Amino acid sequence: MNGKKIKVEPYFYLIPSFLVFGAFLFYPFFKTIYLSLYKTNKMGQAKLFVGVENYTSLLTSKSFYNSLIVTLVFVAIVVAGSMLLGLVTAVLCNKAFPGIRFFSTAFALPMAIASSSAAMIFKIMLHPSIGIINKIFHLDINWISDPRYALICVAILTAWLNSGINFLYFSAGLSNIDDTIYERASVDGASHIQQFFRLTLPGIAPIMFYTLVVDIIQAFQSFGQVKILTQGGPGESTNLIVYSIYRDAFFNYRFGSAAAQSVILFLIIMALTLIMFRVEKKGVKY
Amino acid sequence: MKKRSIALLLTAAMTASMLMGCGSSDTSTDTTVTQETASDTAVAADAPAESAAPAGDVDMSGTTITFWHAMGGVNGEALDYLVNKFNTENEYGITVDSQYQGEYDDSINKLKSAQLGNMGADLVQIYDIGTRFMIDSGWIVPMQDLIDADGYDMSAIEPNIAAYYTVDSKLYSMPFNSSTPILYYNKDMFDKAGIAEVPSNLEEINKVAGDLTSKGGAGEAISLGIYGWFFEQFTCKQGANYVDNGNGREAAATAVEFDSNGSALKTLTAWKALAESGAAPNVGRGGDSGLADFSAGKSAMTLGSTASLKQILEEVNGKFEVGTAYFPSVSADDKGGVSIGGASLWAIDNQDDVKKAATWQFVKFLVSAESQAYWNAQTGYFPVTTDAHNEQVFKDNIAKYPQFQTAIDQLHDSAPEYAGALLSVFPEARQTVETQIENMVNGQQTPEEAVKNMADGINASITDYNLVNE
């Protein structure tokens, strides 16, 4: 365009990464779109071209809207919970005190626990007659079989699991804030609460934004805990969209419908991410 | 502009090369498969007469067959023991490579994927509700062919178990681990409440529920897990069909029948009554969701598989006396029986007579009286052969767990016509049934609505399935 010769060489450096991306991202992505236009047979092979029928039947299905709503509620609880938990624990561990290593390990630990094994433990803890939660609080609540509580239980478990990595990010963010600005603020007579809202929060805003984006995407993809704790039940009250995809694809062997759901999930996450980056440009100051 | 188009071109080229890479790797796997078959044929050629029939005269030495199973935990250990025993003791030189493939659902799904690449196993353990799918799959050798070729005597195999896997008077797979559901009850609570007769149907359970909680000290009368299998059993107990075309046994089913014959409504009305009176609170979904309440001494009764007997006795650990009774019917005038659950062994057709013969030898070993007696004692599944009743291991076991006799009597009291339905989309149908019952128990719908939603959901799945799989 501007008269410069186009160099071919740099593109060769891209080949390895494109091979990997191609095999594990692009090819499955296009295959998913292809499958979403077909009905598949019992082997999961595309058999009957149906055009957008998979999409239209999804968009007219009550069950699918239920999945979407459940997923949105779930994501909201998980993101709010895990960010709050991560932030509180990180602020608590920002000051040096005896035993801090123990506490920071404990707060970061959830990120080392597999979601499935955590779900197994919660399943026993939440059991209505032998679980420890009902025993301690002298309650008689059927946590995971009652549609009013099941989603909240799964969401809190997920929030706790995700809080570990948030703790780590927030701790890193906090240690990046220069101590001298706090000293200057206290000389000027700012209270601790003022300091937190005027100095700490703006100081970690960039990292908070990053964790927000990652948390939302991660929450959308939660699967293991639903599979183990509730299998989408009771009724369909915890039928998160990723679980619904799994069930359609690997249980009912209806890859077409599952692929269509995946595409819709992809569009939702993409839209959310784009919106957040828009907001970031306006709101987050580095 | 130009830059971008070149970039696009390169991307396209790379995608293409990647696809080609995939293609060539596919071919290479194919070659190895062919080589394997070639070496197998070489083995076969050594045999004196290369007969098509898997009889005893085929030289099977050095043959390795792959066995996929879905038995984890204690059951898996018992199965490993049997496999090892066969490997060291069989006189044909056969080696069985047994591979745990996860739960039943995982196992059948892996088989589907593996058959796409034609690299599956020789013998696969598949659950009861996968039967219709396997028959229609075209991947299998009907067990009857192997039985006929060998002249094997089937008379010892429990007829009510074999009936489930028999279609068009052909036994398609060999029953291996079979169970029926039974009613477990807390004898101490029944004594305290002064109830002499154990309820035999859901209506009676509702009648004695008050006494059990007020006098017997139970927290709830029955911990009734929401499980599709129980629903199917209630249908069988009424002697009614679940789906059309002779319960899916004469031909592939085209629609459910439990709505039009009224059996589902009857079951669900009784179920809802139990839930509303507080006799059967919602204890969750799945076959063993009711067991914890029972073992903890909270519920006076529970429904569960016979295969859970040992686990229950271990968990109760003498805190109270555990009684067993027949699986309840819905009302007193029901005239049906129970059907079996569990899994069976399917021989996969790999176009290899030597492997087929070896597979048959292994199947024969697994259903022999000695193996089945051991299997029964270790796991609580039925011995599928009545010959096992003469084994000392079996006698010792029944002396130790007299409750197990209930299960055997119940099986013998049933009849082949209550063998239960066959349906290609059964796993999905079961989920639909459980979801709708759950919604009903949680007060979101009436039994009538639940039946309608079940029928609509399952019929849609069946139509969809039949449309793409002819």
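Residues numbered from 1 in each chain as written. Chains lettered and ligands numbered in written order. Predicted model: local features only at pLDDT ≥ 70, side-chain atom pairs only at ≥ 80, totals over all residues. Heavy atoms only, no water.

J.: Tell me what's going on with the overall build of chain B, and back it up with residues and numbers.
T.: Looking only at helices and strands, chain B features 19 helices and 12 strands. When burial is assessed residue by residue, chain B has 56% of its 470 residues classed as buried. Partitioning the contacts of chain B with sequence separation of at least 6, the portion at a separation of at least 24 is 77%. Looking at chain B as shown, the accessible area adds up to about 18,400 Å², and 50% of this sits on carbon and sulfur atoms. (Helix = DSSP H or I, 4+ residues; strand = E, 2+ residues; numbered from the N terminus. Buried < 20%, exposed > 50% of the residue type's maximum accessible area, 1.4 Å probe, protein only. Contact = heavy atoms within 4.5 Å. Areas by Shrake-Rupley, 256 points an atom, 1.4 Å probe, with all protein chains shown as cover.)

J.: Which residues make up the sheet that holds strand E9 (residues 220–223) of chain B, and what are the values?
T.: Residues and elements named next belong to chain B. Overall, mixed pairing links the four strands, which are arranged E9-E10-E8-E11 in an open sheet. Two strands in the sheet have a free side with no partner beyond their single neighbour: E9 and strand E11 (322–325). Averaged over all pairs of adjacent strands, the angle between strand axes in this sheet comes to 20°, irrespective of strand direction. Across five bridges, strand E8 (residues 181–186) lies against strand E10 (residues 299–305) in antiparallel orientation. When the bridges of E10 are listed, isoleucine 182 appears paired with glycine 304. Contacting E8 and E10, helix H9 (residues 228–237) crosses the sheet at an angle of about 85° to E10. (Pairing = 2+ DSSP bridges. Axes fitted to C-alpha atoms, helices over the stretch in contact; angles between N-to-C directions.)

J.: Pulling in residues and values, what's your account of the domain arrangement of chain B?
T.: Residue and element names in this part refer to chain B. Under the domain assignment, chain B is made up of domain 1 (64–178 + 342–400) and domain 2 (181–338 + 425–468). Of the residues lining the interface, 15 residues belong to domain 1; the matching set on domain 2 comes to 12 residues. Scanning the region where domain 1 abuts domain 2 turns up zero salt bridges. The interface formed by domain 1 and domain 2 includes five residue pairs in polar contact (both at pLDDT 80 or more). Going through the elements one at a time, helix H4 (131–137), strand E5 (166–167) and helix H15 (369–379) are the ones with two or more residues in the side of domain 1 that touches domain 2. No other element matches the three residues that H15 contributes to the side of domain 1 that touches domain 2. A class-by-class count of the residues in the side of domain 1 that touches domain 2 yields eight nonpolar, four polar and three charged. (Domains from an automatic or database assignment. Salt bridge = Lys/Arg side-chain N within 4 Å of Asp/Glu carboxyl O. Polar contact = N/O pair within 3.5 Å; in protein donor to acceptor, adjacent residues only side chain to side chain. Nonpolar A, V, L, I, M, F, W, Y, C, P; charged D, E, K, R; others polar.)

J.: Could you give an account of helix H18 (residues 426–441) of chain B, with specific residues and numbers?
T.: Residue and element names in this part refer to chain B. The terminal C-alpha atoms of H18, which comprises 16 residues, lie 22 Å apart, in line with the 22 Å expected from a rise of 1.5 Å per residue. Most of H18 sits out of view: 16 of its 16 residues are buried. Once H18 ends, the next one or two residues include glycine 443, with phi positive near 80°. (Expected span 1.5 Å × (residues − 1).)

J.: Run through a nonpolar patch on the surface, naming residues and quoting values.
T.: Residues and elements named next belong to chain A. Nonpolar side chains collect at one region of the surface, where Phe21, Leu25, Phe26, Phe29, Phe30, Ile33, Phe266, Leu267, Met270 and Leu274 lie side by side and expose about 900 Å² of accessible area between them. Contributing elements (two or more residues each) for the nonpolar patch: helix H1 (9–35) and helix H12 (255–283). No other element matches H1, which puts six residues into the nonpolar patch. Along the chain, the position of phenylalanine 266 falls in helix H12. (Patch = residues over 30% accessible without salt bridge, like charges linked within 9 Å, V, L, I, M, F, W, Y side chains within 5 Å.)

J.: Can you lay out the pattern of salt bridges for me, pointing to particular residues and giving the numbers?
T.: All names here are of chain B. Counted by the stated rule, this structure contains 18 salt bridges over all chains. Between arginine 132 and aspartate 136 there is a salt bridge whose closest N-O contact spans 3.4 Å. Of this pair, arginine 132 and aspartate 136 both sit in helix H4, four residues apart, which is roughly one turn of the helix. Arginine 132 gets classed as buried once you look at its relative accessible area, which sits at 8%. Owing to a relative accessible area of 31%, aspartate 136 belongs among the partly exposed residues under this scheme.

J.: Summarise the interface of chain A and chain B; cite the residues concerned and give the values.
T.: On the side of chain B, 43 residues touch chain A, which itself brings 34 residues to the contact. Across the interface of chain A and chain B, roughly 3,400 Å² is buried in total on both sides, 62% from carbon and sulfur atoms. It is Tyr11, Lys42 and Phe251 of chain A in chain A that bury the most area against chain B; as a group they hold 21% of the surface buried on that side. Remark: the boundary between chain A and chain B carries two salt bridges. Between aspartate 464 of chain B and lysine 39 of chain A there is a salt bridge; the shortest N-O distance is 3.0 Å. There are six residue pairs in polar contact (both at pLDDT 80 or more) connecting chain A and chain B. For the side of chain A that touches chain B, the secondary structure elements donating two or more residues are H1, strand E1 (38–40), strand E2 (46–49) and helix H11 (241–251) of chain A. In terms of residue count, H1 of chain A provides more of the side of chain A that touches chain B than any other element does, seven residues in total. Taken together, the residues of the side of chain A that touches chain B break down into 16 nonpolar, 11 polar and seven charged. (Buried area = accessible area lost by both parts, 1.4 Å probe.)

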